[in-house]
Amino acid sequence: MRVVVLLLFLVGALVSGCGREAPPAVGEALAFSGVVVPPGGEVLGVDASRGIDSFCKVAVAVDAGSVERLLADSQFRAPLEPGREVTYEPLPQASIGTDFASASDELSPGPGRPNTVFRELLVDRSDPARPVVHIWAFTT
């Protein structure tokens, strides 16, 4: 009887682990989203899901003067619209405050992304000394 219970437990543990995907490595998430973290920047978290399409979330805290550098180095050229809300959920470790601006763009294929990636970007300046840049990148 103990053997049967042990086998059922092991099968249950294996089945419950199927379909779960470990969070992507930071480098993989940055390459997919095209984000280039400036010196002094800190990746607060990454998350992704894959299926027919790929979806990736990245949050980066930067020094106050580094937002424009992150945007330029990440080839994000759309003008940010103050107060423009984003419908995607932020990462749990990086909530969104009340002083933000956002925009969306497309990024051509490149290293770490074989297809065009669509990006939604939000800059949260609720802490003016350490803004947080949120990026949601996805293929369709």
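See the structure above.
In short, a report on the structure.

Parameters at a glance
Residues numbered from 1 in each chain as written. Predicted model: local features only at pLDDT ≥ 70, side-chain atom pairs only at ≥ 80, totals over all residues. Heavy atoms only, no water. Helix = DSSP H or I, 4+ residues; strand = E, 2+ residues; numbered from the N terminus. Buried < 20%, exposed > 50% of the residue type's maximum accessible area, 1.4 Å probe, protein only. Contact = heavy atoms within 4.5 Å. Salt bridge = Lys/Arg side-chain N within 4 Å of Asp/Glu carboxyl O. Phe/Tyr/Trp six-rings, centres within 6.5 Å; stacked < 30°, edge-to-face > 60°. Core = buried A, V, L, I, M, F, W, Y, C linked by side-chain atoms within 4.5 Å.

**Observations concerning the environment of Pro-79**
Moving on, step 1. Along the chain, Pro-79 falls in the loop between helix H3 (67–73) and strand S3 (81–82).
Moving on, step 2. Classification of Pro-79 as exposed rests on a relative accessible area of 65%.
Moving on, step 3. Taking C-alpha positions, Pro-79 is 6.5 Å from Ala-103, a pair spaced 24 residues apart along the chain.
Moving on, step 4. With residues near it in sequence (within four places) discarded, Pro-79 still touches Ser-102 and Ala-103.

**As for the pattern of salt bridges**
Moving on, step 1. Under the counting rule described, the total for this entry stands at seven salt bridges.
Moving on, step 2. Here Arg-84 makes a salt bridge to Glu-120, at a shortest N to O gap of 2.5 Å. Of the two residues, Arg-84 is situated in the loop between S3 and strand S4 (100–107) and Glu-120 in strand S5 (residues 117–124); the sequence distance between them amounts to 36 residues.
Moving on, step 3. Through salt bridges with shared partners, one network takes in Glu-42, Asp-63 and Arg-130.

**Thoughts on the packing of aromatic side chains**
Moving on, step 1. Enumeration over the complete set of coordinates arrives at five aromatic pairs.
Moving on, step 2. For the pair Tyr-88 and Trp-136, a centre-to-centre distance of 6.1 Å together with 25 degrees between the ring planes defines the contact as stacked. Of the two residues, Tyr-88 is situated in the loop between S3 and S4 and Trp-136 in strand S6 (residues 132–138); the sequence distance between them amounts to 48 residues.
Moving on, step 3. Measuring from ring centre to ring centre gives 5.6 Å for Tyr-88 and Phe-138, while their planes differ by 45 degrees; the resulting arrangement is tilted. A residue pair is termed long-range when its members are at least 10 positions apart, and Tyr-88 in the loop between S3 and S4 and Phe-138 in strand S6 qualify at 50 residues.
Moving on, step 4. Put simply, the rings of Phe-55, Tyr-88, Phe-118, Trp-136 and Phe-138 touch in pairs and so form one group of aromatic residues.

**Thoughts on the nonpolar core**
Across soluble globular proteins, nonpolar side chains show a tendency to be buried alongside one another.
Moving on, step 1. Counting residues in hydrophobic clusters, the biggest one holds 21 residues, and the most contacted among them are Val-58, Leu-70, Leu-121 and Val-133.
Moving on, step 2. Setting aside anything within four residues of it in sequence, one finds Leu-70 in contact with Val-35, Val-36, Pro-38, Val-60, Val-62 and Val-133.
Moving on, step 3. Counting five residues, the second-largest nonpolar core is a separate cluster that includes Ala-59, Ala-61, Leu-91 and Ala-94.

Everything listed here is a matter of geometry and, on its own, says nothing about what the molecule does.
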